[in-house]
Amino acid sequence: MAVNLLQNLHQKTYRLETIVIEQKNPFYSTQKSYVREVEVYYYGKVKDQHDFQVLVTHFDFSEDEGSMDKFLKKISYLFDEIECRVDDEGNITAVDNLLFLRVRWAKIQAGLSETHTGQAIDRYFSQISDLLEDETKLIVFLGSYKMFGLLFNGLLNSFDTKMKRESSEGFTEIMNPVKNGDTLTLKVSAENLEESEIKHFRGLFVCKRDQYEEGFIEIKKQNYHLKHSLLWIG
């Protein structure tokens, strides 16, 4: 089933959204949303690896943007074209256009440096540059739920059997598949949250006839409430 799910991602368009609710104080909170429309292309399997291209064709960020939000939006365009390899479980194992990303980042950074200065800006520049110099770190970043982790999440085998895995946040994710006719729902919960900064974690992934249709991950931290969602739209 896992291989079929990967192959069936070909020429599909998904809507990825992250909603960030920040509790500024007990009486005031803010909410921002980050929406991307993503086209996925599958180019076959070579030596146990599946070749993919992921194109972000549309961005829609919250209208209430400060200067830092606009800055981060420009940086996000760096990752609107990813060529990667994925294993049978759905984990990203390699980024094939890494050189292209490095060259592109040099151009984006040069342009942003003309209009943005300060320690916070320099810190972001340094973080992105370090990320692009270490493919392992880049793979972890691209596989996070805020990036493409709802598409390539390493959970495909758990659609067949219950499993657990250790989260990078320090807790344990529990995946429990539930079959109803031709629809398979993967319910995600957590244990050992006390070992992390996470207060609440849950998720849901839905497949129908080997077609990945939607996914959802909700995370609550001390002052943040994060909602990551994916929906097949075409």
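Residues numbered from 1 in each chain as written. Predicted model: local features only at pLDDT ≥ 70, side-chain atom pairs only at ≥ 80, totals over all residues. Heavy atoms only, no water.

Caption draft 1: Quick look at the sheet that holds strand β11 (residues 224-232). Overall, antiparallel pairing links the eleven strands, which are arranged β5-β4-β3-β2-β1-β11-β10-β9-β8-β7-β6 in an open sheet. Across the chains shown, the open sheet's two edge strands, defined by having one partner strand only, are β5 (92-95) and β6 (163-166). On average, adjacent strands in this sheet sit at an angle of 20° to one another, irrespective of strand direction. Where β6 lies against strand β7 (residues 172-180), four bridges are found, and the strand directions are antiparallel. Residue K164 lies in a different strand from β7, and its bridge partner there is I174. (Pairing = 2+ DSSP bridges. Helix = DSSP H or I, 4+ residues; strand = E, 2+ residues; numbered from the N terminus. Axes fitted to C-alpha atoms, helices over the stretch in contact; angles between N-to-C directions.)

Caption draft 2: Quick peek at the packing of helix α3 (residues 98-113) against helix α4 (residues 119-133). The contact between α3 and α4 brings their axes to 10 Å, and the two run at 170°. The pairing of α3 with α4 is recorded here as roughly antiparallel in orientation. Taken as a pair, α3 and α4 cross one another with a handedness that is left-handed. On the side of α3, the interface is formed by L98, L101, R102, W105, Q109, L112 and S113, while α4 contributes F125, I128, S129, L132 and E133. (Parallel < 35°, antiparallel > 145°, perpendicular 65-115°, else oblique. Left-handed = near helix turned anticlockwise from the far one by under 90°. Contact = heavy atoms within 4.5 Å.)

Caption draft 3: The arrangement of unusual backbone geometry in detail. Positioned with a positive phi, D48 is a non-glycine residue whose angle comes to about 65°. Topologically, D48 is positioned in the loop between β2 (28-46) and β3 (49-61).

Caption draft 4: Quick peek at helix α5 (residues 135-142). Of all the positions in α5, only L138, I139, F141 and L142 are classed as buried. Angularly, the buried residues of α5 cover 160° about the axis, an arc narrow enough to put them on a single face. Across α5 from its buried face, at more than 90 degrees, point the exposed residues T136 and V140. Buried residues belonging to α5 abut β4 (81-86), β5, α3 and α4. Of the residues that open α5, the one with a side-chain oxygen 3.1 Å from the backbone nitrogen of T136 is D134. (Buried < 20%, exposed > 50% of the residue type's maximum accessible area, 1.4 Å probe, protein only. Arc of directions from axis to C-beta. Polar contact = N/O pair within 3.5 Å; in protein donor to acceptor, adjacent residues only side chain to side chain.)

Don't take any of this as a statement about function, it's just geometry.
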